[in-house]
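So the chains spell out like this:
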Number of protein chains: 2
Amino acid sequence: MKNNLIIVPIIFCLYFQSVLGQETKITEDFKPSSVNQPEKKFPQVNSQGRVRASIAAPNANKVQLDLGGVKYDLVKDANGVWTGDSNPQDEGFHYYQLNIDGASVPDPGTLYFYGAGRLGSGIEIPAKDQEFFSLKNVPHGLVSENIYFSKLTNSFRRCFIYTPPGYNENIKTRYPVLYLQHGSFEDETGWASQGKANLILDNLIAAKQANPMIMVMDNGYAYKPQNSQQDKKEKMLSVFEEVLITEVISMIDAKFRTISNRENRAIAGLSMGANQTMRIMMNHLDTFSQYGGFSGTSNYPNTDAIDVSTFLDGKYKDGNALNKKIKLFWLGLGTKEPVPFPKSVGAFRAMLDQQKIKYVYYQSPETAHEWLTWRRCLYQFASKLFR
Amino acid sequence: MKNNLIIVPIIFCLYFQSVLGQETKITEDFKPSSVNQPEKKFPQVNSQGRVRASIAAPNANKVQLDLGGVKYDLVKDANGVWTGDSNPQDEGFHYYQLNIDGASVPDPGTLYFYGAGRLGSGIEIPAKDQEFFSLKNVPHGLVSENIYFSKLTNSFRRCFIYTPPGYNENIKTRYPVLYLQHGSFEDETGWASQGKANLILDNLIAAKQANPMIMVMDNGYAYKPQNSQQDKKEKMLSVFEEVLITEVISMIDAKFRTISNRENRAIAGLSMGANQTMRIMMNHLDTFSQYGGFSGTSNYPNTDAIDVSTFLDGKYKDGNALNKKIKLFWLGLGTKEPVPFPKSVGAFRAMLDQQKIKYVYYQSPETAHEWLTWRRCLYQFASKLFR
């Protein structure tokens, strides 16, 4: 007993010192982030995954780095330059901003990415597995901006189309198509920018780990025009499903050398996009044969056990029929995803298990509801598509 | 005399009131700028061409709108929102930024454009002739991002390629190519973003005022790798001409359905790009047959009379031979361009006149060294190309 009285506090102190040490000791090996603008030295990232932000604001009262839900105070030097570090961040891509005397602004050092409903700064914490989405000296596909007028929304819309290496040279070859959707408060630029979808496919195709395919990345926000005052009082009605099914697919099939049948058409999305695309696929099993849901399912945000008789109008009732119809049913989730994703996706998987519906389930190690999860999901999913 | 003593002050007062009135009376018909991010209400522009900026910065000491070389103080309201107006601006596109307590940052309301060596805010003052670059319900070409590895620079580079409407459908048609370059401190994104080159061509082609063509927009900054310490002491050596001639053109001819001969290959650029592309064309008259110089010539910044025996190694000495070789020599300049552009381009034109070299000269009304000049130049130039 006497010994314990001494040993316990010592162990506690050692533990505490170790934890605190980890928290406060900063490794001075910071390098400019890979998604900085050309020649910009800040922000930087060190081997602990800390972000160092720096900005000249000689007359400011307070400058903060606003990252991952935490606002870190920066410190001003004699030249009026404010600098400071974040805690270690998860590997991968994170949105962030600076706060200067209460004004939330993009960091002038970074490229800008559409997320959180705005173009803002991004930071890339090097990932141990970053080879799969790195820019390498392999043949590269094209990412093409395609503007179109949608009658359903009465507006101009835009999608980006990835055509694989060789598409322009092999003018007789036709390709399968993956329709790939972004998450909430993101847009059609996300997958080929912070998502690195084109580089992931370039690398997979070069390594012969994926079949060459076309990817179409559209904007998941599409609303019926609100013409009357009555319309404007009502909630905006999403017509994304109709836009995709009746306008986009026919446009893509006319403009690109697709193999235009369900066997060669897949649909996938992340978060909100996973939810949307699952509904779209279940409503159009004659159009799509393969599905990928990254960090999302159509029961979101519900975590209760799913009643197959009512869920999505009973579309999962006949597991046998679905197994015959759906060539690939693929789900992915990060191991650090927040509430309600683990339980919501868990409830969905329980329903699939109960219905004996075959699916692939992938877990992205040590990532949350962020882009490294979705890059890995695409990498895993695309290697199984159109096989 | 007595009358004059009364009348002169009255006239002076009326004049002064009129000038001051113009300066200070603000028309309250501000609307969000057309290059704002979706749903963003600020910045706004009124019918006088004034820009109204607004940002929440509750704890700031001073917030300024930094536009066209002038810093306008914004005024804080009770909610901590700073708002203020600029003087009337020229029609067209202008780069700008906000300044918050000495920090120069992008305005969180706008899309971002690469200019002045950074991604920053832009504002669009509606132009009376904006129809020619507006997004209309006509067939649209694609703008494709093409990543390539350059052996000459030992780095990954990128160009954007505009393919005209019908390119993907008419798979047997081959097209002429315009190589189109940006200005200093800009990059390969400029022409299809703030330049609206794709929309200008879409509209021209729809109106049958231009032949369908491919446009290639590369980055004019390209340097030999600096391997040794000696290299690093020396000035960086531009190899853009070599990259374009030996790497880009062959890549484009292999990847796209071009008509690969000098008659169907043109080169043009703005400002620094005009200077660069003129040198490239004169060095490679067997590669290009048509040239456009927008707000720039290769004698820049010199305004002296040109000595044809030494200028560009005497390449303009034989005017007769050049008239036979060059199908279109096109120059454009804004009427409000600053020193030294009018005199520098003027000295160049005087040389062309002296050598009896045929050329087209276009003046963009009421625009300076900015993008509305260059959009108009492209519009005029493209309508005369490949005829």
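Rules used in this analysis
- Residue numbering note: each chain is counted from 1, following its sequence as written.
- Throughout, the order in which chains and ligands are written sets their labels, letters from A for the former and numbers from 1 for the latter.
- Note on the predicted model: pLDDT of at least 70 is required for a residue's local features to be given, and 80 or more for side-chain atom pairs to be given and counted; whole-chain, interface and lining totals, by contrast, use all residues.
- Side-chain figures throughout are based on the complete set of non-hydrogen atoms in the structure, without hydrogens or water.
- Put simply, DSSP marks the helices as runs of H or I at least four residues long and the strands as runs of E at least two long, and each gets a number from the N terminus on.
- The atom set for the radius of gyration is the C-alpha atoms, and the globule formula is 2.2 Å times the number of residues raised to the power 0.38.
- Between two residues, a contact is recorded if the distance between any of their heavy atoms is within 4.5 Å.
- Calculation of accessible area relied on Shrake-Rupley with a 1.4 Å probe; when residues are assessed, cover is drawn exclusively from the protein chains displayed.
- Here a salt bridge means any side-chain nitrogen of Lys or Arg lying within 4 Å of a carboxyl oxygen belonging to Asp or Glu.
- Any residue under 20% of the maximum accessible area for its type is buried, any over 50% is exposed, and the rest in between are partly exposed; the area is computed with a 1.4 Å probe on protein chains only.
- At least two bridges found by DSSP between two strands is the condition for calling them paired.
- Convention used here: a crossover is right-handed provided that the path from the first strand, over the helix, to the second strand proceeds clockwise when the strands point away from the viewer.
- In superposing the copies, a least-squares fit is computed on C-alpha atoms, taking residues whose pLDDT is at least 70 in both.
- Joining two parts hides part of their accessible area as seen by a 1.4 Å probe, and the buried area is that hidden amount summed over both.
- Whenever two N or O atoms come within 3.5 Å, that pair is a polar contact, provided that in protein one can donate a hydrogen and the other can accept it, and provided that, for residues adjacent in sequence, both atoms are side-chain atoms.
- Nonpolar residues are Ala, Val, Leu, Ile, Met, Phe, Trp, Tyr, Cys and Pro. Charged residues are Asp, Glu, Lys and Arg, and all others, Gly as well, are polar.
- Angles here are taken between N-to-C directions and fall from 0 to 180 degrees, while the axes themselves are lines fitted to C-alpha atoms, restricted in helices to the stretch in contact.
- In this scheme the handedness of a crossing depends on how the near helix is turned from the far one: anticlockwise by less than a right angle means left-handed, clockwise means right-handed.
- Domain start and stop positions are those given by an automatic or database domain assignment.
- Bend is the name given here to the angle between axes fitted to two runs of seven residues, the run ending at a residue and the run starting at it.

**Q** Help me understand the overall build of chain A in this model?
**A** Secondary structure summary: chain A contains eight helices and 19 strands in total. In terms of overall dimensions, chain A is globule-like: its C-alpha atoms have a radius of gyration of 24 Å, near the 21 Å expected for 387 residues. Each principal axis of the C-alpha atoms in chain A carries an extent, and together these give about 70 × 60 × 55 Å. Nonlocal contacts in chain A, meaning residues at least 24 apart in sequence, comprise 70% of its contacts between residues at least 6 apart. Of the roughly 17300 Å² of accessible surface on chain A, 54% is carried by carbon and sulfur atoms.

**Q** I'm lost on the pattern of salt bridges in this one. Help?
**A** A side chain with one charge may pair with a side chain of the opposite charge, provided their charged atoms come close. Counted under the stated rule, the structure contains 26 salt bridges over all chains. Close ionic contact of Arg 52 of chain A with Glu 28 of chain A constitutes a salt bridge, the shortest N to O distance being 2.9 Å. Here the residue Arg 52 of chain A occupies a position in strand E3 (residues 51–56), and Glu 28 of chain A occupies one in the loop between helix H1 (2–24) and strand E1 (31–32), the gap between them amounting to 24 residues. Between Arg 262 of chain B and Glu 263 of chain B there is a salt bridge whose closest N-O contact spans 3.8 Å. The partly exposed category is assigned to Glu 263 of chain B, whose relative accessible area is 35%. Taken together, the salt bridges that share partners define one network made up of Glu 28, Arg 52 and Asp 85 of chain A.

**Q** Explain the pairing of strand E19 (residues 360–364) of chain B here, please?
**A** For a regular strand, the rule is simple: side chains alternate between the two faces of the sheet. Residues and elements named next belong to chain B. In terms of strand pairing, strand E18 (residues 328–334) meets E19 through five bridges, oriented parallel. When the bridges of E19 are listed, Leu 331 appears paired with Tyr 361. One crossover worth recording links E18 to the parallel E19 by way of helix H7 (residues 341–354), and it is right-handed.

**Q** Before we go on, may I ask you to explain the relation of the copies chain A and chain B in this structure?
**A** Note that the two copies of the chain are related through a rotation about an axis and a translation along the same axis. Expressed as a screw operation, the relation of chain A to chain B combines 0.0 Å of axial shift with a rotation of 180°, fitting to an RMSD of 0.0 Å. Taken together, the rotation and translation relating the two chain copies correspond to the operation of a two-fold axis. Proximity to the rotation axis, assessed at the C-alpha, singles out Ser 144 of chain A in chain A; its C-alpha lies 1.9 Å from the axis. Comparing contact sets, 100% of the residues at the interface of chain A also lie at the interface in chain B, consistent with an isologous, same-surface contact.

**Q** Please explain the sheet that holds strand E7 (residues 81–85) of chain A as it appears in this structure.
**A** Two modes of strand pairing occur in sheets, parallel and antiparallel, and in both the strands are linked by backbone hydrogen bonds. With antiparallel pairing, the five strands of this open sheet are ordered in space as E1-E2-E3-E7-E6 (chain A). Both edges of this open sheet fall to E1 and strand E6 (75–76) of chain A, since each of them pairs with a single strand only.

**Q** Looking at this structure, I do not really get the interface of chain A and chain B. What am I missing?
**A** Many analyses report the size of an interface as the accessible area lost when the parts associate. Opposite the 45 residues of chain A that make contact, chain B presents 46 residues. With both sides pooled, the region where chain A packs onto chain B buries about 3700 Å², and carbon together with sulfur makes up 60% of that total. Considering only the side of chain A, the residues that lose the most area to chain B are Ile 147, Phe 156 and Lys 255 of chain A, jointly responsible for 14% of the buried surface there. Linking chain A to chain B there are zero salt bridges. Linking chain A with chain B are 13 residue pairs in polar contact (both at pLDDT 80 or more), by the criterion used here. With seven residues, strand E12 (residues 142–150) of chain A is the largest single contributor of residues to the side of chain A that touches chain B. A class-by-class count of the residues in the side of chain A that touches chain B yields 25 nonpolar, 13 polar and seven charged.

**Q** When you look at the pairing of strand E13 (residues 155–163) of chain B in this model, what are you seeing that I'm missing?
**A** All names here are of chain B. Relative to E13, strand E12 (residues 142–150) runs antiparallel, the two sharing nine bridges. From the neighbouring strand, Ile 147 faces E13, where its bridge partner is Arg 158. Counting the residues in the hairpin turn of E12 and E13 gives four residues, including Asn 154, whose phi is positive at 55°. With three bridges connecting them, E13 and strand E15 (residues 214–217) associate as antiparallel partners. By the bridge assignment for E15, Ile 161 is matched with Val 216.

**Q** Sorry, what's going on with the packing of helix H2 (residues 197–206) of chain B against helix H8 (residues 371–382) of chain B here?
**A** For any two helices packed against each other, one specifies the crossing angle of their axes together with the interaxial distance. Residues and elements named next belong to chain B. Viewed as axis vectors pointing N to C, H2 and H8 meet at an angle of 35°, and their least axial separation amounts to 10 Å. The two elements H2 and H8 meet at a crossing, and its hand is right-handed. In this structure, H2 contributes Ala 197, Ile 200, Leu 201 and Leu 204 to the contact, and H8 contributes Arg 375, Leu 378, Tyr 379 and Ala 382. A breakdown of the residues in the contact of H2 with H8 according to their chemical character gives seven nonpolar, no polar and one charged.

**Q** Please clarify how the environment of Leu 333 of chain B should be interpreted in this entry.
**A** Residue and element names in this part refer to chain B. Its place among the elements puts Leu 333 in strand E18. For Leu 333, a relative accessible area of 5% gives the class buried. The spatial distance from the C-alpha of Leu 333 to the C-alpha of Thr 373 is 6.9 Å, given a sequence separation of 40 residues. With residues near it in sequence (within four places) discarded, Leu 333 still touches Ser 295, Phe 341, Pro 342, Val 345, Tyr 361, Tyr 362, Gln 363, Ser 364, Thr 373 and Cys 377.

**Q** Looking at this model, I keep getting lost on the domain arrangement of chain A. Mind explaining?
**A** All names here are of chain A. Here the domain parsing of chain A yields domain 1 (27–126) and domain 2 (131–382). If you average the C-alpha positions of domain 1 and of domain 2, the two centres end up 31 Å apart. At the junction of the two partners, domain 1 supplies twelve residues and domain 2 supplies 16 residues. In this assembly, domain 1 packs against domain 2 so that about 1100 Å² is buried in total across both faces, 45% of it on carbon and sulfur atoms. When residues of domain 1 are sorted by the area they lose upon contact with domain 2, Asp 90, Phe 93 and Tyr 114 head the list and together hold 45% of the total. Glu 124 is the salt-bridge partner of Arg 375, the closest N and O atoms lying 2.6 Å from each other. Linking domain 1 with domain 2 are nine residue pairs in polar contact (both at pLDDT 80 or more), by the criterion used here. Elements with a minimum of two residues in the side of domain 1 that touches domain 2: strand E8 (92–100) and strand E10 (112–115). Of the residues forming the side of domain 1 that touches domain 2, the biggest block, four residues, is contributed by E8. For the side of domain 1 that touches domain 2, the class distribution of residues is five nonpolar, four polar and three charged.

**Q** In this structure, what is going on with the side chain of Gln 194 of chain B? I would like to understand it.
**A** Residue and element names in this part refer to chain B. On the secondary structure map, Gln 194 appears in the loop between strand E14 (177–181) and H2. Residue Gln 194 is classed as buried on the basis of its relative accessible area, which comes to 1%. Separated by 2.7 Å, the side chains of Gln 194 and Tyr 95 make a polar contact. One polar contact links Gln 194 to Ser 193, side chain to side chain, over a distance of 3.4 Å. Setting aside anything within four residues of it in sequence, one finds Gln 194 in contact with Phe 93, Tyr 95, Phe 113, Tyr 114, Thr 189, Trp 371 and Arg 375.

**Q** I'm lost on helix H2 (residues 197–206) of chain A in this one. Help?
**A** Given 3.6 residues to a turn, an α-helix orients residues that are three or four positions apart in the same direction. In terms of burial, H2 of chain A is a largely internal element, nine of the ten residues being buried. Just downstream of H2 of chain A lies Lys 208 of chain A, where phi reads positive at about 55°.

**Q** How do you make sense of helix H4 (residues 240–255) of chain B when you look at a structure like this?
**A** Taking the largest bend as the criterion, H4 of chain B deviates by roughly 35°, centred on Val 248 of chain B. Regarding H4 of chain B, the residues found buried are Phe 240, Val 243, Leu 244, Glu 247, Val 248, Ile 249, Met 251, Ile 252, Asp 253 and Lys 255 of chain B.

**Q** Whenever I open this one, the sheet that holds strand E6 (residues 75–76) of chain B confuses me. Can you help?
**A** All names here are of chain B. Read from one edge of the open sheet, five strands run E1-E2-E3-E7-E6, paired in antiparallel fashion. Both edges of this open sheet fall to strand E1 (31–32) and E6, since each of them pairs with a single strand only. Here strand E2 (residues 44–45) pairs with strand E3 (residues 51–56) via two bridges, running antiparallel. Each bridged residue has a counterpart across the sheet, and for Gln 44 the counterpart in E3 is Arg 52.

**Q** Please clarify how the side chain of Ser 298 of chain B should be interpreted in this entry.
**A** The residue Ser 298 of chain B is located in the loop between strand E17 (290–294) and helix H6 (319–325) in this model. In contact with Ser 298 of chain B, not counting residues within four places along its chain, are Asn 275, Met 278, Arg 279, Phe 311 and Leu 312 of chain B.

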